[in-house]
Amino acid sequence: MQLGFAVVPEWDGMLLRTFLRQCAVSSDLARAVKYRGDGFFVDGVPVHTTACLRAGQNVTFSLPPEATAPTRPQPEIGLTAVYEDAFATMLEKPAGIAVHPTLNYPDGTLANGWAARALRQGGSGVFRPVNRLDKNTSGLLLAAQNMYAAPLLAGHVQKLYYAVAEGEMPLGPGVFDGPIGRRGDSIIGRCVTPEGKPSRTEYTVLRAENGCTLAACRPVTGRTHQIRVHFAHAGFPLAGDTLYGGHTGRIARHALHCAEMTFSVPEYRMEGGRVQLAVPLRYHTITCKSALPADMEIL
């Protein structure tokens, strides 16, 4: 992929290396373009990053080739994309699939499916998820298309989850604000503890009947198992969440679903096969939604 940035009048006389920072080109990416790629160009002429820019010039560079993805492509793992552009792909993850290979799940992951998809489309097999979902959490997962997009997307994401908890909570809004840290009796377990990191979950109880509660949750912080831990600590573990005291009588996995994600991507236009971005960068906001899965319809 080739990117282009036009020099605006107010940045006339700026050094290229400063201009690149203004265009959200990280130092790691700049080094990669310089040493592993074709370098930087101004109006088609190769330049060093000490070059002085003039208004109206166009700075272009190609993203450098990436190392072969270490993940084995598995085309049988079909990925459902609900949104896609030059920078971002929103995937719909079913429950029961891990995001990345681990010791316990060496393959059969979203990363394996992404590698196969990349081979078909001629893209990078490197999988860059912006948010992480536990293996048994379903719903939306945002992935960056390339090394330029990854840091841009990470700072512009808001998430809403649906959770079904055991027990009936009062209707309306509420907040869990307990610090979360490691639980001593478990390698993966977490708990609310004074020694933990600050953690805040805002929620709204939408329904409470038949011994269960449906809540819409916005995690303000991003701690491991945050929603699951906060609800369990309040005495309302998620249905099916055996790690935190839930039961599998109504659902076989913890009842948590990423139902909505709002994120921002840079505005751009395609120009002669190049992705031309507005300078200074301008963003537009995208919201993707996912319906409550059938196995969570247990109220």
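Reference entry: report on the structure contained in this document. From a predicted model like this one, the values you see are computed outputs, not experimental measurements.

Concerning the overall build of the protein chain
Part 1 of the reasoning: A count of helices and strands for the protein chain gives 5 helices and 18 strands.
Part 2 of the reasoning: Each principal axis of the C-alpha distribution contributes one length, and for the protein chain these read about 70 × 40 × 35 Å.
Part 3 of the reasoning: The buried share of the protein chain, taken over its 299 residues, is 49%.
Part 4 of the reasoning: By sequence separation, contacts in the protein chain at least 24 residues apart represent 68% of the contacts at least 6 residues apart.
Part 5 of the reasoning: Of the roughly 14,200 Å² of accessible surface on the protein chain, a fraction of 52% belongs to carbon and sulfur atoms.
Part 6 of the reasoning: Treating the 29 positive side-chain charges of the protein chain as one cloud and the 25 negative ones as another, the clouds have centres 5 Å apart.

Thoughts on the nonpolar core
Part 1 of the reasoning: By size, the foremost hydrophobic cluster in this structure holds 68 residues, and its most contacted members are F5, F19, F61, Y148, F231 and F263.
Part 2 of the reasoning: Beyond its immediate chain neighbours, meaning those up to four positions away, F61 contacts M1, Q2, L3, F5, L20, V25, L29, V33, G39 and F40.

What about the packing of aromatic side chains?
Part 1 of the reasoning: Here the structure, examined in full by the defined rule, presents 11 aromatic pairs.
Part 2 of the reasoning: Taking the centre distance of 4.7 Å and the plane angle of 25° together, the rings of F176 and Y203 count as stacked. In this pair, F176 sits in strand β10 (residues 172-176) while Y203 sits in strand β13 (residues 201-209), placing the two residues 27 residues apart along the sequence.
Part 3 of the reasoning: Judged by its relative accessible area of 13%, Y203 is buried.
Part 4 of the reasoning: Put simply, the rings of F5, F40, F61, F87, Y148 and Y268 touch in pairs and so form one group of aromatic residues.

Considering the pattern of salt bridges
Part 1 of the reasoning: Summed over all chains, the structure comprises 16 salt bridges.
Part 2 of the reasoning: The shortest N-O distance in the salt bridge between R228 and D241 comes to 2.7 Å. One end of the pair, R228, is in helix α5 (residues 226-233); the other, D241, is in the loop between α5 and β15 (256-266), with 13 residues separating them in the sequence. For the pair shown, R228 and D241 are each scored as buried.
Part 3 of the reasoning: A salt bridge links E271 to R274; the shortest N-O distance between them is 2.7 Å.

Here we look at the sheet that holds strand β4 (residues 58-62)
In a beta sheet, neighbouring strands are held together by backbone hydrogen bonds and run either parallel or antiparallel to one another.
Part 1 of the reasoning: Read across the open sheet, the 6 strands follow the order β3-β2-β4-β1-β17-β16; overall the sheet is mixed. Because the sheet does not close on itself, it has two edges, and the strands there are β3 (45-47) and β16 (268-271). The sheet shows a mean angle of 30° between the axes of neighbouring strands, taken without regard to direction.
Part 2 of the reasoning: Where strand β2 (residues 40-42) lies against β4, 3 bridges are found, and the strand directions are antiparallel. Among the inter-strand pairings, F41 is bridged to a residue of β4, identified as T60.

Examining helix α3 (residues 110-121)
Part 1 of the reasoning: In a regular helix each residue adds 1.5 Å, so 12 residues correspond to 16 Å; α3 covers 16 Å between its end C-alpha atoms and thus fits that length.
Part 2 of the reasoning: With 9 of 12 residues buried, α3 lies mostly within the body of the structure.
Part 3 of the reasoning: Those residues of α3 not exposed but buried are L110, A111, N112, G113, W114, A115, A116, R117 and A118.
Part 4 of the reasoning: Buried positions along α3 lie against β5 (80-84), β6 (88-93) and β8 (138-144).
Part 5 of the reasoning: Of the residues trailing α3, G122 is marked for its positive phi of about 75°.

About the cut-offs
- Residues numbered from 1 in each chain as written.
- Predicted model: local features only at pLDDT ≥ 70, side-chain atom pairs only at ≥ 80, totals over all residues.
- Heavy atoms only, no water.
- Helix = DSSP H or I, 4+ residues; strand = E, 2+ residues; numbered from the N terminus.
- Buried < 20%, exposed > 50% of the residue type's maximum accessible area, 1.4 Å probe, protein only.
- Contact = heavy atoms within 4.5 Å.
- Areas by Shrake-Rupley, 256 points an atom, 1.4 Å probe, with all protein chains shown as cover.
- Lys, Arg positive; Asp, Glu negative; His and termini not counted.
- Charge placed at Lys NZ, Arg CZ, Asp CG, Glu CD.
- Core = buried A, V, L, I, M, F, W, Y, C linked by side-chain atoms within 4.5 Å.
- Phe/Tyr/Trp six-rings, centres within 6.5 Å; stacked < 30°, edge-to-face > 60°.
- Salt bridge = Lys/Arg side-chain N within 4 Å of Asp/Glu carboxyl O.
- Pairing = 2+ DSSP bridges.
- Axes fitted to C-alpha atoms, helices over the stretch in contact; angles between N-to-C directions.
- Expected span 1.5 Å × (residues − 1).

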